[in-house]
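# Analysis of the macromolecular model
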Amino acid sequence: MSGAGSPALDVDGRGLRVVIVAGSWHDEITNGLIAGATRTLEASGADFSLVRVPGSFELPVVAKAALDAGADAVVALGVIIRGGTPHFEYVSAAATDGLTRVALDTGKPVGFGLLTLDDEQQGLDRAGLPGSKEDKGREAAEAAVATVRALRTLS
């Protein structure tokens, strides 16, 4: 959602319960993502909490548990950096497919803040840190809140 053409979203989170689920790899980048999501949810007025998981592969199961426990939305944050083996492709696909399945199975939004990167610098550029070009944690939180609002217009 970054860059030219970014949408203006309804990020009124008052009355919403949101859970940030974040991996534990690549602390500097992940902590930047968490900070961006936290700032956004605080400003939106949402009630939110943070749950840390070992890695990106674990994001879907904890996201599903949070939504099943009553959260209105989840913001999933993780960092996967390409290495020299196929591990990157397997974990990226599994986490992405799993988060998509969670959203579809629960009918609740999952803000997608999983960075799949070629190198650490790409993550630093997207983490919402001082000097970063983008804030993917903020964007994932905005998407989660705005999607709850969009879904509620259908009921």
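Above: the structure in question.
In short, a report on the structure. Values in this document were obtained by computation on a predicted structure and should not be read as measured data. (Residues numbered from 1 in each chain as written. Predicted model: local features only at pLDDT ≥ 70, side-chain atom pairs only at ≥ 80, totals over all residues. Heavy atoms only, no water.)

### Structural notes on the packing of helix H2 (residues 59-68) against helix H3 (residues 87-106)
- Packing of H2 against H3 brings their axes to within 8 Å, and their N-to-C directions diverge by 15 degrees. When the axes of H2 and H3 are compared, the pair comes out roughly parallel. You can see that H2 and H3 cross each other, and the crossing is right-handed. Across the interface between the two elements, Leu59, Pro60, Ala63, Lys64, Leu67 and Asp68 from H2 touch Ala94, Ala95, Gly98, Leu99, Val102 and Thr106 from H3.
- Taken together, the residues of the contact of H2 with H3 sort by class into eight nonpolar, two polar and two charged. (Axes fitted to C-alpha atoms, helices over the stretch in contact; angles between N-to-C directions. Helix = DSSP H or I, 4+ residues; strand = E, 2+ residues; numbered from the N terminus. Parallel < 35°, antiparallel > 145°, perpendicular 65-115°, else oblique. Left-handed = near helix turned anticlockwise from the far one by under 90°. Contact = heavy atoms within 4.5 Å. Nonpolar A, V, L, I, M, F, W, Y, C, P; charged D, E, K, R; others polar.)

### Quick notes on the environment of His26
- One can find His26 in the loop between strand E1 (17-22) and helix H1 (27-44).
- In the structure, His26 is positioned 55 residues away from Ile81 in sequence and 8.9 Å away in space, judged by C-alpha atoms.
- Excluding its chain neighbours within four sequence positions, the residues that come into contact with His26 are Val79 and Ile81.

### A look at the pairing of strand E2 (residues 47-52)
- Here E1 runs beside E2; their pairing, made up of six bridges, is parallel. Of the residues in E2, the one forming a bridge with Val21 is Val51. (Pairing = 2+ DSSP bridges.)

### Let's talk about the packing of H1 against helix H5 (residues 136-152)
- At their nearest, the axes of H1 and H5 sit 6 Å apart, and the two run at 40 degrees to each other. Between H1 and H5, the crossing angle belongs to the class labelled oblique. The crossing of H1 and H5 is right-handed. Residue-level inspection shows Leu33, Gly36, Ala37, Thr40 and Leu41 of H1 in contact with H5, the latter providing Lys136, Gly137, Arg138, Ala141, Glu142 and Val145.
- Taken together, the residues of the contact of H1 with H5 break down into five nonpolar, three polar and three charged.

### Structural notes on the nonpolar core
- Within the largest apolar cluster, 23 residues are counted, with the highest numbers of intra-cluster contacts made by Val18, Ile29, Leu41, Val75 and Leu77.
- Those elements giving two or more residues to this core turn out to be E1, H1, strand E3 (73-81), strand E4 (110-117) and H5.
- If we skip the residues at most four places from it in the chain, Leu41 touches Val18, Ile20, Ala46, Phe48, Val75, Ala141 and Val145.
- Among the nonpolar cores identified, the runner-up in size contains 18 residues, and Val21, Leu59, Ala63 and Ala71 belong to it. (Core = buried A, V, L, I, M, F, W, Y, C linked by side-chain atoms within 4.5 Å. Buried < 20%, exposed > 50% of the residue type's maximum accessible area, 1.4 Å probe, protein only.)

### Structural notes on the environment of Pro109
- Position of Pro109 among the secondary structure elements: in the loop between H3 and E4.
- Placed 79 residues apart in sequence, Pro109 and Thr30 show a C-alpha to C-alpha distance of 20 Å.
- Beyond its immediate chain neighbours, meaning those up to four positions away, Pro109 contacts Leu67, Asp72, Ala73, Val74, Ala144, Thr147, Val148 and Leu151.

### So, the side chain of Thr40
- When you line up the elements, Thr40 lands in helix H1.
- Apart from residues no more than four positions distant in its own chain, Thr40 is found in contact with Arg138, Ala141 and Glu142.

### A word on the environment of Thr96
- The residue Thr96 is located in helix H3 in this model.
- Along the chain, Thr96 and Pro60 lie 36 residues apart, while their C-alpha atoms are 8.3 Å from each other.
- Excluding residues within four positions of it along the chain, Thr96 makes contact with Phe112 and Leu114.

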